[in-house]
Every structure is written in structure tokens, then in C-alpha cells.
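Take a look at the letters that make up each chain.
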Amino acid sequence: MSELSITTTQNVNINFTAASVGERMGAQLLDLVIKIAYGIVVFMLCKWTGLLDILIDMDQWSMMAVVGLFGLPIIFYSLLQESLWEGQTFGKKITKIKVIKIDGYQAGFGDYLIRWMFRLIEISIGSGIIGLIAIVVSKKNQRLGDMAAGTAVITLKNNININHTILQEIKEDYVPTYPLVIKLSDNDARIIKETFEAALRNKDFKLIYKLSQKIADVTGIKPVESYDSEFIKVVLKDYNYYTRNM
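The rules behind the values
- Residues numbered from 1 in each chain as written.
- Predicted model: local features only at pLDDT ≥ 70, side-chain atom pairs only at ≥ 80, totals over all residues.
- Heavy atoms only, no water.
- Helix = DSSP H or I, 4+ residues; strand = E, 2+ residues; numbered from the N terminus.
- Buried < 20%, exposed > 50% of the residue type's maximum accessible area, 1.4 Å probe, protein only.
- Contact = heavy atoms within 4.5 Å.
- Polar contact = N/O pair within 3.5 Å; in protein donor to acceptor, adjacent residues only side chain to side chain.
- Axes fitted to C-alpha atoms, helices over the stretch in contact; angles between N-to-C directions.
- Parallel < 35°, antiparallel > 145°, perpendicular 65-115°, else oblique.
- Left-handed = near helix turned anticlockwise from the far one by under 90°.
- Nonpolar A, V, L, I, M, F, W, Y, C, P; charged D, E, K, R; others polar.
- Phe/Tyr/Trp six-rings, centres within 6.5 Å; stacked < 30°, edge-to-face > 60°.
- Lys NZ or Arg CZ within 6 Å of the ring centre and 35° of its normal.

Student: Before we go on, may I ask you to explain the overall build of the protein in this structure?
Tutor: Across its full length, the protein holds 11 helices and 4 strands. Within the span of the protein, comprising 246 residues, buried residues form 40% of the whole. Contacts spanning at least 24 positions in sequence make up 70% of the contacts within the protein whose residues lie at least 6 apart.

Student: Just to check I follow, could you spell out the side chain of serine 83 for this structure?
Tutor: With respect to the helices, strands and loops of the structure, serine 83 is situated in helix α4 (residues 77–84). A distance of 2.7 Å separates the side chain of serine 83 from the backbone oxygen of leucine 79, its partner in a polar contact. Beyond its immediate sequence surroundings of up to four residues, serine 83 is in contact with Phe109, Tyr112 and Lys222.

Student: Can you help me understand the packing of helix α1 (residues 21–49) against helix α3 (residues 60–75) in this one?
Tutor: When two helices pack together, their arrangement is given by the angle between their axes and by how far apart the axes lie. Interaxial distance between α1 and α3 falls to 10 Å at its minimum, and their mutual angle equals 160°. In terms of orientation, α1 lies roughly antiparallel with respect to α3. Classified by chirality, the crossing of α3 by α1 is right-handed. Contacts between α1 and α3 pair Lys35, Tyr38, Val42 and Cys46 from the former with Phe70, Pro73 and Ile74 from the latter. Among the residues forming the contact of α1 with α3, the class breakdown is 6 nonpolar, no polar and 1 charged.

Student: In this structure, what is going on with the packing of aromatic side chains? I would like to understand it.
Tutor: Within a pair of aromatic rings, the relevant descriptors are the distance that separates the centres and the angle that separates the planes. The full count for this structure, using the stated rule, is 5 aromatic pairs. On the basis of an interplanar angle of 75° and a centroid distance of 5.3 Å, the ring pair of tyrosine 241 and tyrosine 242 is categorised as edge-to-face. Given a relative accessible area of 2%, tyrosine 241 falls into the buried group. Taken together, the aromatic side chains of Tyr174, Tyr241 and Tyr242 make up a single cluster linked through ring pairs. Lysine 93 extends its terminal NZ or CZ atom over the ring of tryptophan 85, reaching a point 5.1 Å from the ring centre.

Shown next as C-alpha cells:
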């Protein structure tokens, strides 16, 4: 597997493992299944509601316009999901891979847009063979869209090695949620842990809320947990995961 060496703002080198061709193809196949399922559902709804008969009676341009409208979720599938889920689609979540910037920062909408535009080119020319060849020959397993956007796809399966004292006990099969915790320093993590534990003892939920907001602001993380305390626990576990083996 290819290794991606990234230097954080704290001058710590982190080695990410690039997602393999098999992992990326697996994610693509899962996403394709979802797209096909969406198409089948839309077709059946049109048939049951009588819209299909109306479409058949339309002129060619009107029919293409309506079909194109229904097809927008499929066309923009990867762009929307990667933008909303910080580099992941349904398929990528299931296969535990993720898009990141090769400088270690979270990719932004512009980066996802470039990858999406190049995907259209790669699929339209050679049915994706060009992108596959690029991944195979690239040292960082990048397709053309990744090269243009300065991104790479990494695996989240126990693949990052940096050093840190244990802040939270985690299991060997633990899968992290927020790679952006690498923006924190050791001192940041210790302060977060000490403040969080003190707030829990004092049942200071206002402080816990402020702490979670501060973490999100500093790292750029978008919390997915329903409770601030759960978010902070995950952040500490993720930080330990990414830094335990240096």
C-alpha cells in the first residue's frame, strides 16, 4: 500500500495509508448500487402516479428536461455527499475511506468540485479506465481529479502512526471519526481532557457546550454526535488513536 507523509501545523509527520484500488472500487460499486436503487424507485413512482404516461406523450426536449431533473441527485451524488460528509459518500463510509488534502487539511467544496468535474471527464472518456490507470501508476494512488485538486483518498483502518501518551482507552479495532483532530497539539488535547473531566464532575454543561464549540471552531470539525459530551469523548479517543504509536 502507498504511504502519504503529511506534516501538521505542529510539525508532526503523519503517515496515512492511501486507499487501495480495491477499496475505491468497492466504494464506487456501493454508490452505484444506491444510484440504481434511486433510479428504480423514481421509475416505479412515475409509473404508479401516471407520470410515466405523461412523459411518453411529451415532446423529446420536454421529456429530456424532466428526466434530467430527476437525474440531478445522481449527477451530483458524489459532489454533494463529499461536501456534506467531509470527503465521504455512502460507499466511502461503508468501506472506511475518505478524501483529504495532501497537505493534511480538510478538503473544501472547491476541491470536491474539481474532483467531480474530472470524474465526469474520466467516465466520459474510456468509461473510467483513465482514472483507474492513473490510480495504479500514481505513487499516492491518485486519479486525475485528485491530482488536480491536490487531494488523496486514504483508508481509516488503523493506518496512521504518530506518538502521544494515552488520553482515552480505545480498543484495537477502534475506527476514528474525525481525522481533523491532528490539528490539535498535545497541550491542546491535555487541556481539553482536564477541562472536560472537571466540567463533568461539576455538572457544568454550559462549559462542556463552550468547549465543544471551541474544538469545532479550531479544528474545522462538524460534530455528528447529538450531545456535546459524546463529541468531546470521540475527539479525545480519535486524538489518542492518531497519536498513540509515534
